[in-house]
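Structural overview for review
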Amino acid sequence: MSENKDRHVTENGVEGMKFVYDFTEGNKDLKDFLGGKGANLAEMTNLGLPVPPGFTITTEACKVYLDSGEEPPALRDEVSAHLEALEKKMGKKLGQPDNPLLVSVRSGAKFSMPGMMDTVLNIGLSDKSVQGLAKQAGDDRFAWDSYRRLIQMFGKTVLGVDGELFEDALEAAKEAKKVADDTQLDAADLKKLVTKFKKIVKTEAGRDFPQDPREQMDLAIKAVFDSWNGDRAKLYRRQERIPHDLGTAVNVCSMVFGNLGPDSGTGVAFTRDPASGHQGVYGDYLQNAQGEDVVAGIRNTVPLAELENIDKKSYDQLMQIMETLENHYKDLCDIEFTIERGKLWMLQTRVGKRTAAAAFRIATQLVDQGLIDEAEALQRVTGAQLAQLMFPRFDEKAKVQQVARGIAASPGAAVGKAVFDSYTAVKWSRSGEKVILVRRETNPDDLDGMIAAEGILTSRGGKTSHAAVVARGMGKTCVCGAEELEVDTKRRRMTVPGGQVVEEGDLISIDGSSGKVYLGEVPVVPSPVVEYFEGRMHAGADDADELVEAVHRIMAFADRKRRLRVRANADNAEDALRARRFGAQGIGLCRTEHMFLGDRRELVERLILADTEAEREESLKQLLPLQKQDFVELFEAMDGLPVTVRLLDPPLHEFLPDITELSVRVALAESRQEPHENELRLLQAVHRLHEQNPMLGLRGVRLGLVIPGLFTMQVRAIAEAAAERKAAKGDPRAEVMIPLVGTVQELEIVREEADKVIAEVESATGTELKLAIGTMIELPRAALTAGQIAEAAEFFSFGTNDLTQTVWGFSRDDVEASFFTAYLEKGIFGVSPFETIDKDGVGKLVRDAAKAGRATRPDLKLGVCGEHGGDPESVHFFHEVGLDYVSCSPFRIPVARLEAGRAASQSQGSDHR
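Residues numbered from 1 in each chain as written. Predicted model: local features only at pLDDT ≥ 70, side-chain atom pairs only at ≥ 80, totals over all residues. Heavy atoms only, no water.

**Focus: the overall build of the protein**
Along its length, the protein carries 37 helices and 31 strands. Computed over the C-alpha atoms, the radius of gyration of the protein is 33 Å, within 12% of the 29 Å expected from 2.2 N^0.38 for a compact globule of 913 residues. Expressed along its principal axes, the backbone C-alpha trace of the protein runs to roughly 105 × 65 × 55 Å. The buried share of the protein, reckoned over its 913 residues, is 57%. Restricting to contacts in the protein with at least 6 residues of sequence separation, those with at least 24 account for 68%. Entry remark: accessible area of the protein is about 37,800 Å², with carbon and sulfur atoms responsible for 47%. (Helix = DSSP H or I, 4+ residues; strand = E, 2+ residues; numbered from the N terminus. Rg over C-alpha atoms; globule rule 2.2 N^0.38 Å. Buried < 20%, exposed > 50% of the residue type's maximum accessible area, 1.4 Å probe, protein only. Contact = heavy atoms within 4.5 Å. Areas by Shrake-Rupley, 256 points an atom, 1.4 Å probe, with all protein chains shown as cover.)

Here it is, written out as C-alpha cells:
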C-alpha cells in the first residue's frame, strides 16, 4: 500500500489511483491518506481487536471531489467491490429485506475535529428492511428506534433539514406518552414517530426519504465530503490551525448495536483522566443506546466504572484492550465502543485530547513508565498549554455562593455574563463583554459561541460529551452535566436549586477544575505554576502541586535540550529580576524611552524646546545621571548576563502633550488673558514636530543623527554604569543597540561616536569595557543589505513587530481594528502576522539577513526582540534559521524556554498535539 500511496503523491492525474481500502490494509501511520479514524481502525484490526468489518475511502478521493465537484470516476466501482466483499464476509446484503446489513458512514480527517463533520448510522434501513431487522433481532422496538435514528440523522446531515424539527417531534411523542426518556417509548410509539419524521423530510427537503440502501450510502458519502467545507468545520480548522487542503476520509463500517436492550450499550473510555492526567477508569457508559447519544449528552451517562456491575465480562475485556492500546500508542487513548448483547466491539481509538494539566502529568508519567523518553515527552506538551496553566484560579478563601456542581470537564476559572445561545455569545463578546455560554447540551452548531465565551456550562452530558471534548481541545473552561440547573434557552434563563432565577446578562462563575458553579463574580488568585516560576513555591511541596512537579520536570527536559537562549524584554530592575526568576538568560530589549516618562518628561520637554546648543547640552547633562542610575540598577539585577539597551527609538512628539489638549489649554489661557508662554512654546513644538506618518518619520537612528548629543549621552550613561558595576566587583555585560537602521552609513556614524565615548569612559575610570554595538533589523532595506550592515554591527536583533509592519505595509494600531477580523474569517490569514511570524514574507527576510550577516561576520550574534520571540510557532522558526536567542516579555519566558526545547528535540519525536 505504501508504494501505491507514494505513486499518488507524485502523479498529476487520478487515473490508476486506488481510492478505497479495507480495514485490514492500513495502519496508524497512514493518517494523511486514511484519516485518523480509518488509520486507527486499521491499526486495531491489525492488533486483532474486535473491530466491525468495513472499508475507508481515502482523503485523495475527497480532494478530487472538492476540486472538481464530482467523485473520481473509479470510486463507485471500488466502493461496490468493497461493499460486495463486506456483504460476503457478513453473510447478508446492504438493506436486504429479510436480514439487512446496516452500515455507518463516518468522517475521519487526519486531525481530530470532534463533531465538526458528519456521521450517519443505520444506513440500509427502509420500510421493508426494518421489518426484517425486527424479526432477526426479535425486538420490534429496537428496529423502529434504529429506523427513526437513521431518518433523523440522514434528514439533518444529508438533506439539510433543521434538526430542531426532529427534536421537537421526539419531545412531543414523549409528552404525549407522559414519559421523560426516549427509552420509555415503545415500538408503536416509535413507528408513529418514523411516519412523522418521514413527513418532515418530505415537507422540508422536497423529496421522500430514500428507500434504496445504496442511494442512502452514496448520498451519505457525498455529505461527509461536503461537510469538510461546512461553516463549523472551517471555523474549527481556523481555530486549531489545521490546514484547509487536507480533506477527509470516509469510513464505511458494518453496524453493531448498543440499543438492543439492557445487555447492550455504548460508551467512551479514556486510558487516563483527560482532565487531570491521573490514572484510573475514566469514561461514560449508556445502556440501550447508540454512540451519538453519549457524545450529544442528550441522556446522562453513568461512570464507566459502573460497567463492571452491569457487564463484568465486557468490562474486563475493555480494561485489557485499553491497556493494550495505551502501551501500543504510548499515550492517552480515547476509545469508543459498543456492546451488542454482551459482545464488545471497538469502534474507534485515537490519541485523546487532554487539558493542559493532564498533558504535563501524562508526559512525565509515561517517562517514568519507560514508554517514552525526554525528547518525546517534550512533544506531548505545548507552550500554549503551559501559558494556560499560568492563568489565575479562583480564590478558595473568598466568600462565594455555590449553586450547583457538575462534572469538571475542562479546567480553569471563568467569569462572565450568562448567555443562552451562540449568536448572543458572539455578539456580546465582540462588544467587549465576557460571557459564559449556558446550554442544556451543546452541538457542533454552537462552535462560534464556544470560541467567543470565557467558559461553557451545560446541564447535561459528561466528560465525553460534545461540550467537554471541544472545550478541552480549545483550552476553554467547561462544566458539564450540572443536573441541578434547569436551563430554559427559549426564555433565556436558568433556575438554580432553591428557585432563584439567573437571567441572561447576570454574572456567574464556573470552576472547570472542581465542577462548581457560583452566582456572581468570584475573585481569582495567581496560578501555582506562576508561583513556582516566581520562586514562591517549590516543586513537590504538597499534593496540590503535583502539577508543579510535572511542569518542573518538563522545563528541566526543555532546558537540557534547547539550543536557543531566552532573554527578556525588560526596562527596569523590577521587571529584570522577575524575568530572571522566570528563567531569562539576559535582556534582549531594554527600551530606554520608558525611562523618559513620569517625572522626567519635563526634562525631555526642555530638550525638545531648547533654542540653543547650551540649552540642549544642559538638558542632556541633567538626564545623564538619571539614565546612568537606571542602567546601574538594571546591570545589577542582570549581573553576569547580557543586557541589550536600545537607544531612543520613538518620535520626540510622543513625549509632548496631546495637540488637541494643548490647543484647548492655550485657547482658554488666551481667553482669560492668563500667562501661557510655556504652553504656547510647547504647542509650536508639537506643530513643528508633527508628522503625517510618524512611524516612518524622525525616529530611531535618525534622532541620533539629527539631535546632537542625544545618543552619545545615552552611550555615556551605559558605559559609566558598566564601569561603576565593575568597580563594585559586578559583571555587567552591556550591549548597545541602534534602532531603525536602514543603511550601513547610518550605523557607521553612530558607532564612531559611540566608540569615542566608550574610550573616554574607559580612560576616565581606568576600566576596560567590552560593550558590543549592534543594530535592530526592522526595515526591509536593512534585511536586504544585512551583509553590508554586518561590517559595522557585532549583533543583529530582529525587531519583528516593525519588520512585519513595513513588509506588509500595515499600521498595526489601525489594521487590527479595521480589517484583520475580516481577513481571518476569509482565510487570508490563518493567524495574525503580528502574533505568529509570516514565514514566507517576513520570515524569508529574517532567514536571508541572518545568512548574509554571518557570511560577512561569522561570529555575528543573532536574536529577535519582537513579541514573536514568545510565540510558540515562531520560536520553532527562529530555531530553524539559526538565531542564538529569542527575547520576549517576562511572563512568556517559560513558554519560550519550553518551545525552544521542543524545537531542538523535534526530530526525535512526533508532535502529539
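**What about the sheet that holds strand β3 (residues 103–109)?**
Overall, antiparallel pairing links the 5 strands, which are arranged β1-β2-β5-β3-β4 in an open sheet. Bordering the open sheet on either side are β1 (20–22) and β4 (119–123), each of which pairs with just one other strand. Across the sheet, the mean angle from the axis of one strand to that of its neighbour is 20°, orientation sign disregarded. Bridging between β3 and strand β5 (residues 248–254) involves 7 bridges; their strand directions are antiparallel. From the neighbouring strand, S104 faces β5, where its bridge partner is C253. (Pairing = 2+ DSSP bridges. Axes fitted to C-alpha atoms, helices over the stretch in contact; angles between N-to-C directions.)

**Notes on the pattern of salt bridges**
If you walk through the whole model with that rule in mind, you get 53 salt bridges. In this structure, D331 engages R380 in a salt bridge whose closest nitrogen and oxygen atoms are separated by 3.1 Å. On the criterion of sequence distance, the pair formed by D331 in the loop between α13 (312–329) and β9 (333–340) and R380 in the loop between α15 (374–379) and α16 (383–389) is long-range, its members being 49 residues apart. On the accessibility criterion, R380 (5% relative accessible area) is buried. Of the charged contacts in the structure, one is a salt bridge between R751 and E794, with a shortest N-O distance of 2.7 Å. Of the two residues, R751 sits in helix α29 (residues 744–765) while E794 sits in the loop between α31 (786–789) and β29 (795–798), which places them 43 residues apart along the sequence. By relative accessible area, which is 17% here, R751 ends up buried. Given a relative accessible area of 27%, E794 falls into the partly exposed group. (Salt bridge = Lys/Arg side-chain N within 4 Å of Asp/Glu carboxyl O.)

**Considerations on the nonpolar core**
With 133 residues, the main nonpolar core has F360, L386, V551, I738, F796 and F798 as its most contacted residues. Here this core gets 10 residues from one element, more than from any other, and that element is helix α28 (residues 710–727). Look past the residues within four positions of V551 in its chain and what remains in contact with it is F360, L386, L389, V529, Y532 and F533. Residues L75, L94, L121 and I151 belong to the second largest nonpolar core, which totals 59 residues. (Core = buried A, V, L, I, M, F, W, Y, C linked by side-chain atoms within 4.5 Å.)

**Some thoughts on the sheet that holds strand β20 (residues 501–503)**
The strand order across the open sheet formed by 3 strands is β18-β19-β20, and the pairing between neighbours is antiparallel. Each edge of the open sheet is held by one strand with a lone partner, namely β18 (486–488) and β20. Pairwise comparison of adjacent strand axes, ignoring direction, gives a mean angle of 15° for this sheet. With 3 bridges joining them, strand β19 (residues 493–495) and β20 adopt antiparallel strand pairing.

**Let's talk about the packing of helix α4 (residues 75–90) against helix α9 (residues 213–227)**
It is the contact of α4 with α9, at a shortest axis distance of 13 Å, that shows an interaxial angle of 125°. Viewed along their axes, α4 and α9 adopt a mutual orientation that is oblique. The two elements α4 and α9 cross, and the hand of that crossing is right-handed. Where α4 approaches α9, its residues L75, R76, V79, S80 and L83 are matched on the opposing element by R214, M217, D218 and F225. (Parallel < 35°, antiparallel > 145°, perpendicular 65-115°, else oblique. Left-handed = near helix turned anticlockwise from the far one by under 90°.)

**What about a negative patch on the surface?**
Side chains of D162, E164, D168 and E204 sit close together on the surface and give a patch of like negative charge. Relative to the helices and strands, E204 is located in helix α8 (residues 187–205). E204 gets classed as partly exposed once you look at its relative accessible area, which sits at 47%. (Patch = residues over 30% accessible without salt bridge, like charges linked within 9 Å, V, L, I, M, F, W, Y side chains within 5 Å. Lys, Arg positive; Asp, Glu negative; His and termini not counted. Charge placed at Lys NZ, Arg CZ, Asp CG, Glu CD.)

**Remarks on the side chain of S797**
As for its position among the elements, S797 is in strand β29. Once residues within four sequence positions are removed from consideration, S797 is found in contact with G588, M737, T775, M776, I777, G863, V864, C865 and Y885.

**What about the confidence of the model for the protein?**
For the protein, mean pLDDT is 89; residues scoring 70 or higher make up 95% of the total. Predicted confidence for residues 1–14 stays below pLDDT 50, and this span has 20 contacts to residues more than four positions away or in other chains. (pLDDT = per-residue confidence, 0-100.)

**Points about the pairing of strand β31 (residues 885–888)**
Burial of β31 is two-sided: the residues Y885 and S887 facing one way and the residues V886 and C888 facing the other way are all buried. For strand β24 (residues 565–569) and β31, the ladder comprises 4 bridges, and the chain directions are parallel. Residue pairing in the sheet places R567 in a bridge with S887 of β31.

**Regarding the state of the cysteines**
Throughout the structure, instances matching the rule amount to 0 disulfides. Looking at C62, it has no disulfide partner, and the nearest cysteine sulfur is the one in C253, 19 Å off. A disulfide-free cysteine, C590 has its sulfur positioned 11 Å from the sulfur of C865, the nearest such atom. (Disulfide = S-S within 2.5 Å.)

**A short note on the packing of aromatic side chains**
If you walk through the whole model with that rule in mind, you get 21 aromatic pairs. Ring plane angle 65° and centroid distance 6.1 Å describe the contact between Y147 and F209, whose orientation is recorded as edge-to-face. Here Y147 is found in helix α6 (residues 140–157), whereas its partner F209 is found in the loop between α8 and α9, with 62 residues between them in sequence. Using a relative accessible area of 0% as the deciding quantity, one classes Y147 as buried. (Phe/Tyr/Trp six-rings, centres within 6.5 Å; stacked < 30°, edge-to-face > 60°.)

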